[in-house]
Amino acid sequence: AAEVHLRIGSPPTAWPCYYGIDTPNREELIAASHSVEEIARYVTCGSLGEFSTLTLEEKLEVTRIAIEAAKGRVPVLANVSETSTREALRFIQGANALGVDGYMVMPSVIYVADAREATGLPVITEVMREEQVPMVVEYADILQIGARNMQNYGLLQAVGKQSKPVMLKRGISGTIRELLMCAEY
């Protein structure tokens, strides 16, 4: 891997790190200004599956909150999980108007080209099997390896041979060391 970027999810944090690392100000934390109940209404537990249960308005509100919380420090990707191109494009247009940096498209690459064409923004989508790599490379800007495939070494080797960036998600019981070792492929 030319670069390795590490993102870690955790429960809501309402107070900054004592040493001022990462979030020196309380105002930068979403939990500082929203109750657990408010956060629970919008945060999708890091999965596109839960995001697909929200209405269009709720998805756009989650996206707005994420952009506001990120304050330009990190890119915000909109989770596109609609089952039709029309619904997906409606969400993509709304998220684009809010200022997202790109899109994570699931469950397939059926409308990835439509999303990129509508917005001009990069698209990330998951590749789950080695034989899918050529098709996903054709349509996606970034390839995602889901947590359950973190140690699928054949798939890791196949995407590692591509010239596209890869987002590798850590399996629930995978250690940081194992994640970094998987990123070596």
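Every value quoted in this text rests on a predicted model; they were computed, and no experiment measured them.

Undergrad: So what about the pairing of strand 3 (residues 123–126)? Which residues, and what values?
TA: The side-chain alternation of strand 3 yields two buried faces, one formed by Val123 and Thr125 and the other by Ile124 and Glu126. When strand 3 meets strand 4 (residues 142–145), the two strands line up parallel, connected through 3 bridges. Following the sheet pairing, glutamate 126 is matched in strand 4 by glutamine 144. In terms of handedness, the path from strand 3 via helix 7 (residues 133–139) over to strand 4 forms a crossover that is right-handed.

Undergrad: Which residues make up helix 5 (residues 85–98), and what values go with them?
TA: The end-to-end C-alpha separation of helix 5 is 20 Å, in line with the 20 Å expected for 14 residues at 1.5 Å each. Within the span of helix 5, buried status applies to Ala88, Phe91, Ile92, Gly94 and Ala95. Viewed along the axis of helix 5, the buried residues span an arc of 165°, placing them on a single side of the element. Structural note: helix 5 exposes Arg86, Gln93 and Ala97 on the side pointing more than 90 degrees away from its buried face. One or two positions beyond helix 5, positive phi appears at glycine 99, with a value near 105°.

The rules behind the values
All residue numbers refer to positions counted from 1 along the written sequence of the respective chain. Predicted model: local features are reported for residues with pLDDT of at least 70 only, side-chain atom pairs are reported and counted for 80 or more only, and whole-chain, interface and lining totals are derived from all residues. Note that the side-chain values use all heavy atoms of the structure and ignore hydrogens as well as water. Burial classes: relative accessible area under 20% of the type maximum marks a residue as buried, over 50% as exposed, and values in between as partly exposed (1.4 Å probe, protein chains only). Each helix corresponds to a stretch of at least 4 residues labelled H or I by DSSP, and each strand to a stretch of at least 2 residues labelled E; elements are numbered beginning at the N terminus. Strand pairing is defined by DSSP finding a minimum of two bridges between the two strands. Handedness of a crossover: with both strands directed away from the viewer, a clockwise path from the first strand across the helix to the second marks it as right-handed. Each residue after the first adds 1.5 Å to the expected span of a helix. In this context, the arc is that of the directions from the helix axis out to the C-beta atoms.

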